[in-house]
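# Architecture at a glance
Here are the chains, one letter per residue:
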Amino acid sequence: MSQQNPKILILPGDGIGPEITKEAEKVLQALRARHGFAATWTHGLIGGAAYDDCGEPLPAATLEAARDADAVLMAAVGGPKYDLAPRELRPERGLLAIRAGLGLYANLRPALLFPQLAAASSLKAELVADLDLLIVRELTGGIYFGKRESVVEADYQVGEITLPSARVSRDTEAYSDFEIARIAKSGFEAARLRNKRLCSVDKANVLESSQLWREVVIEVAKEYPDVELSHLYVDNAAMQLVRAPKQFDVIVTSNLFGDILSDIAAQLTGSIGMLPSASLNERGQGLYEPIHGSAPDIAGQQLANPLAMILSLAMLLRYSLKRADLADKVAAAVRAVLADGLRTADIARAGEARVSTSAMGDAVVTALNSN
Ligand code: IPM
Ligand code: MG
């Protein structure tokens, strides 16, 4: 990896993906033209776009280009058009395959409330004012990648009627101590850079894999005496997130629990169109993507909010390219356009004027170039 002339792979994907990608590229171009950024970037196919073009959601060429890049910036995948495609070929499989293929085990999902958007939260303003929490989700293990099967077990009796078969499907939640220790470390490291509080979320009162999870997290904690560790069962964690979300600093959890809790956390901010995420491997290489999906219902209409995508680019600059200076500039530009009152439809209040996807991107570039 060359940090001097970093290579970025851009994956626009499906739905609103291409539109929001265009805005992030305007920001990249501005960084290159005016802010001393020497990166180059290329494009690749993933998700439904890849399926349409080459019959599979993650073509080998995309994975190869991703391995060769310093970082990947992805928009979103999926759409109703692919609902009938075989499961292995659906757009989401492309996302799971690139996570596995690059070994992106640490998924960082910040939930940050922008003060200008406090009214957009579904919780009372005092519960979410200044909310700033981070979910560290394990991303390459657990039930997402465990053994699955569907089998015909036996004849199936319903009252008097014998049905010809009973089908049973299983998914497996399995975690090794290695996988747990590695993500626990990511959680502790992240907490160290923030307010030094880590909450590990599991279901150790029921699940064997969660008991191991808790034991290993407690072992790893010995290396981080400066970080305060707590544990919550996942049901309680979900409740606490909507009861008193500001009690959290960093949450570390498994793949499935993290999937669910991170959607709750995103909604606390009221603006899923604002939240970026990073998925990192052991080499610090990362895939950066907005938390929101491909929103096929509004695709192609210039309605989408490009800010989560632009903030994903800021995370890419910070974590993979080690350009905190540029990341700060991009984040400041986003704050500036919000302070100026620019709103896409998703973050506009009733009666507030709405700008298009590209007008929002242009405004970020103008703000970036004026500081
Ligand atoms: C996410 C998404 C994905 C997941 C889907 C699209 C496979 O919900 O990134 O949270 O479940 O991981
Ligand atoms: Mg999800």
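As the structure is a computational prediction, the values presented were derived from the model and not from experiment. (Residues numbered from 1 in each chain as written. Chains lettered and ligands numbered in written order. Predicted model: local features only at pLDDT ≥ 70, side-chain atom pairs only at ≥ 80, totals over all residues. Heavy atoms only, no water.)

### Section: the overall build of the chain
If you tally the helices and strands in the chain, you get 12 helices and 12 strands. Here the chain has a C-alpha radius of gyration of 21 Å; the compact-globule value for 371 residues is 21 Å, and the two agree. Taken along its principal axes, the extent of the C-alpha atoms in the chain is 75 × 50 × 50 Å. When burial is assessed residue by residue, the chain has 51% of its 371 residues classed as buried. Long-range contacts, defined here as pairs at least 24 residues apart, represent 76% of the contacts in the chain between residues at least 6 apart. Total accessible area computed for the chain in this model is approximately 16,400 Å², and 53% of it derives from carbon and sulfur atoms. Computed over 38 positive and 46 negative side-chain charges, the inter-centroid distance for the chain is 5 Å. (Helix = DSSP H or I, 4+ residues; strand = E, 2+ residues; numbered from the N terminus. Rg over C-alpha atoms; globule rule 2.2 N^0.38 Å. Buried < 20%, exposed > 50% of the residue type's maximum accessible area, 1.4 Å probe, protein only. Contact = heavy atoms within 4.5 Å. Areas by Shrake-Rupley, 256 points an atom, 1.4 Å probe, with all protein chains shown as cover. Lys, Arg positive; Asp, Glu negative; His and termini not counted. Charge placed at Lys NZ, Arg CZ, Asp CG, Glu CD.)

### Remarks on the site of ligand 1
Around ligand 1, the surrounding shell consists of E92, L95, R99, R109, R137, Y144 and D259. The side chain of Y144 places a nitrogen or oxygen atom 2.5 Å from an oxygen atom of ligand 1. Here ligand 1 has 320 Å² of accessible area as a free molecule, and 73% of this is covered by the chains. Here ligand 1 occupies the second largest pocket. It is helix α4 (residues 91–102) that contributes the most residues to the shell around ligand 1, 3 residues altogether. Residues of the shell around ligand 1, tallied by class, amount to 2 nonpolar, no polar and 5 charged. (Near = heavy atom within 4 Å. Polar contact = N/O pair within 3.5 Å; in protein donor to acceptor, adjacent residues only side chain to side chain. 1 Å grid on protein atoms, 1.4 Å probe; cavity = no way out; pocket = protein on both sides within 12 Å on 5 of 7 lines; lining within 4 Å. Sits in = over half its atoms within 2 Å of the grid points. Nonpolar A, V, L, I, M, F, W, Y, C, P; charged D, E, K, R; others polar.)

### Here we look at empty space enclosed by the protein
Enumeration according to the criterion identifies 1 cavity of 30 Å³ or more in this entry. Lining the largest cavity are E173, Y175, V201, D202, S209, S210, W213, T253, S254 and F257. In terms of residue class, the lining of the largest cavity is made up of 4 nonpolar, 4 polar and 2 charged. (Points joined across faces, edges and corners; volume = space filled by probe spheres on them.)

### Here we look at the packing of aromatic side chains
The final tally for this structure, using the stated rule, is 3 aromatic pairs. Measuring from centroid to centroid gives 4.8 Å for F188 and Y224, while their planes differ by 10 degrees, and the two rings are stacked. Taken together, the positions of F188 in helix α6 (residues 177–192) and Y224 in the loop between α7 (208–221) and β9 (228–233) put the pair 36 residues apart, joining distant regions of the chain. We note that F188, like Y224, is buried. Geometry around Y105 places R182 over its ring, the cationic atom sitting 4.0 Å from the centre. (Phe/Tyr/Trp six-rings, centres within 6.5 Å; stacked < 30°, edge-to-face > 60°. Lys NZ or Arg CZ within 6 Å of the ring centre and 35° of its normal.)

### Here's the deal with unusual backbone geometry
You will see that Q302, though not glycine, has its phi angle at about 60 degrees, which is positive. Note that Q302 resides in the loop between β12 (286–290) and α10 (307–319). Of the residues examined, Q302 reaches a relative accessible area of 29% and is grouped as partly exposed. Phi is positive for K322, close to 55 degrees, though the residue is something other than glycine. Tracing the backbone through its elements, the reader meets K322 in the loop between α10 and α11 (324–339).

### What to know about the sheet that holds β12
One open sheet holds the 10 strands; their spatial order is β2-β1-β3-β12-β11-β4-β5-β10-β8-β9, and the pairing between them is mixed. In this open sheet, the two edge strands, each paired with only one partner strand, are β2 (40–43) and β9. For this sheet, the mean angle separating the axes of adjacent strands, direction not counted, is 20 degrees. In this structure, strand β3 (residues 71–76) lies alongside β12, joined through 3 bridges in parallel fashion. Paired with V72 across the two strands is L287, which belongs to β12. α6 contacts β4 (106–112), β5 (132–138), β8 (197–202), β9 and β10 (250–253) of the sheet and is inclined by roughly 165 degrees relative to β5. (Pairing = 2+ DSSP bridges. Axes fitted to C-alpha atoms, helices over the stretch in contact; angles between N-to-C directions.)

### Notes on the pairing of strand β11 (residues 276–280)
Taken across its 5 residues, β11 has 5 buried, putting it largely inside the fold. Of the two faces of β11, the one lined by P276, A278 and L280 and the one lined by S277 and S279 are each fully buried. Of the pairings in the sheet, the one linking β11 to β12 comprises 5 bridges and is antiparallel in character. In the sheet register, S279 faces β12, and the bridge partner there is L287. A loop of 5 residues connects β11 with β12, the two strands running antiparallel in sequence, and G284 in this loop sits at a positive phi of about 80 degrees.

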